Amino acid sequence: RKEVEQDPGPFNVPEGATVAFNCTYSNSASQSFFWYRQDCRKEPKLLMSVYSSGNEDGRFTAQLNRASQYISLLIRDSKLSDSATYLCVVLMNTGFQKLVFGTGTRLLVSP
Amino acid sequence: NAGVTQTPKFQVLKTGQSMTLQCAQDMNHNSMYWYRQDPGMGLRLIYYSASEGTTDKGEVPNGYNVSRLNKREFSLRLESAAPSQTSVYFCASSHGSDYGYTFGSGTRLTVV
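Here the structure is a predicted model, which means the values were calculated and not measured. Sequence order as written defines residue numbering, which begins from 1 separately in each chain. Here the convention is simple: chains get letters from A, ligands get numbers from 1, in the order in which they are written. This being a predicted model, a pLDDT of at least 70 is required before a residue's local features are given, and a value of 80 or more before pairs of side-chain atoms are given or counted; all residues contribute to the totals for chains, interfaces and linings. Only hydrogens and water are set aside when side-chain values are computed; all heavy atoms of the structure are taken into account.

Asks: Where do I start with the sheet that holds strand 8 (residues 74–78) of chain B in this structure?
Replies: The strands that make up a sheet are held in pairs by hydrogen bonds between backbone atoms, and each pair lies either parallel or antiparallel. All names here are of chain B. A pair of strands counts as paired when DSSP detects no fewer than two bridges linking them. Strands here are runs of E lasting at least two residues and helices are runs of H or I lasting at least four, both read from the DSSP assignment and numbered beginning at the N terminus. An order of 1-3-8-7 is seen for the 4 strands of this open sheet, with the pairing classed as antiparallel. Edge strands, defined here as strands with exactly one partner in the open sheet, are strand 1 (4–7) and strand 7 (64–68). Taking each pair of neighbouring strands and ignoring which way they run, the sheet shows an average axis angle of 15°. Comment: axis = line fitted to C-alpha atoms, over the contacting stretch for helices; angle = value between 0 and 180 degrees taken between N-to-C directions.

Asks: Can you walk me through the pattern of salt bridges in this structure?
Replies: Working definition: two side chains of opposite charge can pair if their charged atoms are close together. Counted as salt bridges are all cases of a side-chain nitrogen of Lys or Arg within 4 Å of a carboxyl oxygen of Asp or Glu. Across all of its chains, the model carries 8 salt bridges over all chains by this definition. Of the charged contacts in the structure, one is a salt bridge between Arg 37 of chain A and Asp 39 of chain A, with a shortest N-O distance of 2.8 Å. Between Arg 36 of chain B and Asp 38 of chain B there is a salt bridge, with the nearest N and O atoms lying 2.9 Å from each other. Asp 38 of chain B gets classed as buried once you look at its relative accessible area, which sits at 13%. Where salt bridges share partners, they join Arg 36, Asp 38 and Arg 44 of chain B into one cluster. Here the term buried applies to any residue with accessible area under 20% of the maximum for its type, exposed to any over 50%, and partly exposed to those in between, with areas from a 1.4 Å probe on protein chains only.

Asks: Explain the packing of aromatic side chains here, please?
Replies: Aromatic ring pairs: the centre-centre distance and the angle between the two ring planes describe each pair. Any two of the Phe, Tyr and Trp rings considered here, Trp counted by its six-membered ring, make a pair once their centres fall within 6.5 Å; the pair's planes then place it as stacked at under 30 degrees, edge-to-face at over 60, or tilted in between. Taken as a whole, this structure holds 14 aromatic pairs over all chains when the rule is applied. Taking the centre distance of 6.1 Å and the plane angle of 90° together, the rings of Tyr 36 of chain A and Phe 103 of chain B count as edge-to-face. One end of the pair, Tyr 36 of chain A, is in strand 4 (residues 32–38); the other, Phe 103 of chain B, is in strand 10 (residues 102–103), on a second chain. The buried category is assigned to Tyr 36 of chain A, whose relative accessible area is 0%. On the accessibility criterion, Phe 103 of chain B (5% relative accessible area) is buried. Ring-pair connections join several aromatic residues into one group, and the members of that group are Phe 34, Tyr 36 and Phe 101 of chain A together with Tyr 33, Tyr 35, Phe 90, Tyr 101 and Phe 103 of chain B.

Asks: Please clarify how the interface of chain A and chain B should be interpreted in this entry.
Replies: How big an interface is tends to be stated in terms of accessible area lost as the parts join. Contacts: residue pairs with any heavy atoms within 4.5 Å of one another. Across the contact, 19 residues belong to chain A and 21 residues belong to chain B. Contact between chain A and chain B buries roughly 1,600 Å² in total, counting both sides, with carbon and sulfur atoms accounting for 55%. Put simply, chain A and chain B have 0 salt bridges between them. Mapped onto the side of chain A that touches chain B, the elements with two or more residues apiece are strand 4, strand 5 (44–50), strand 9 (84–93) and strand 10 (97–101) of chain A. All amino acids are sorted into three groups, where Ala, Val, Leu, Ile, Met, Phe, Trp, Tyr, Cys and Pro are nonpolar, Asp, Glu, Lys and Arg are charged, and the leftover types, Gly among them, are polar. In terms of residue class, the side of chain A that touches chain B is made up of 9 nonpolar, 5 polar and 5 charged. When two parts are put together, the accessible area they lose, computed with a 1.4 Å probe and summed over both, is reported as buried area.

Asks: What am I meant to see in unusual backbone geometry here?
Replies: Negative phi characterises most residues that are not glycine, and trans characterises most peptide bonds. All names here are of chain A. Of the consecutive residues Gly 9 and Pro 10, the connecting peptide bond is found in the cis state with omega at 5°. Checked against the element boundaries, Pro 10 lands in the loop between strand 1 (4–6) and strand 2 (11–14). For Gln 69, which is not a glycine, the phi torsion comes out positive at approximately 55°. On the secondary structure map, Gln 69 appears in the loop between strand 7 (60–65) and strand 8 (70–75). Gln 69 gets classed as buried once you look at its relative accessible area, which sits at 16%.

Printed below as a string of structure tokens:
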């Protein structure tokens, strides 16, 4: 089983739609969680951290379910500029602390 | 605000050639990392340096060496390039592993 698993997509949605991505992780002791965004042929960039109580940043909402070991990202009122790959990232301690990246979920927002 | 700077951006090597990828950060971060990204594999950690003066192996260290030259610079060396090392390489830095990483713009390496 992969340490961090995501549906690769692509998710094709029209502008203005609401879209949600889920991610599952294998290590129940993981403490920190993030969503990164990666545009085509660019570096990953931190989108937001994910807190236990859930957190919101504008149109983006992240949630954590520790019992089920999954993380979600909700994007409301999708924009064309939201088209990108969204990486689920988990801090794991496997002898040393490291960020483990999912393979990403691709989002395509169309006019 | 340069952030994390990687050079070169593109490189083509012949099998057996060597090269060094350079990375520098100006954010006074303690920790630096080298990742490779391959289609369908996600980002995989090659080596990391938790602080100046220390380096450790990640998931896929074979065929690579690193040097943490000072707090700012962390280089990745391929001693004898192989086609399996064709990939996009990203350097990243952070205050610590519990914080988000800042990535460089990447090096696209092709080994023929």
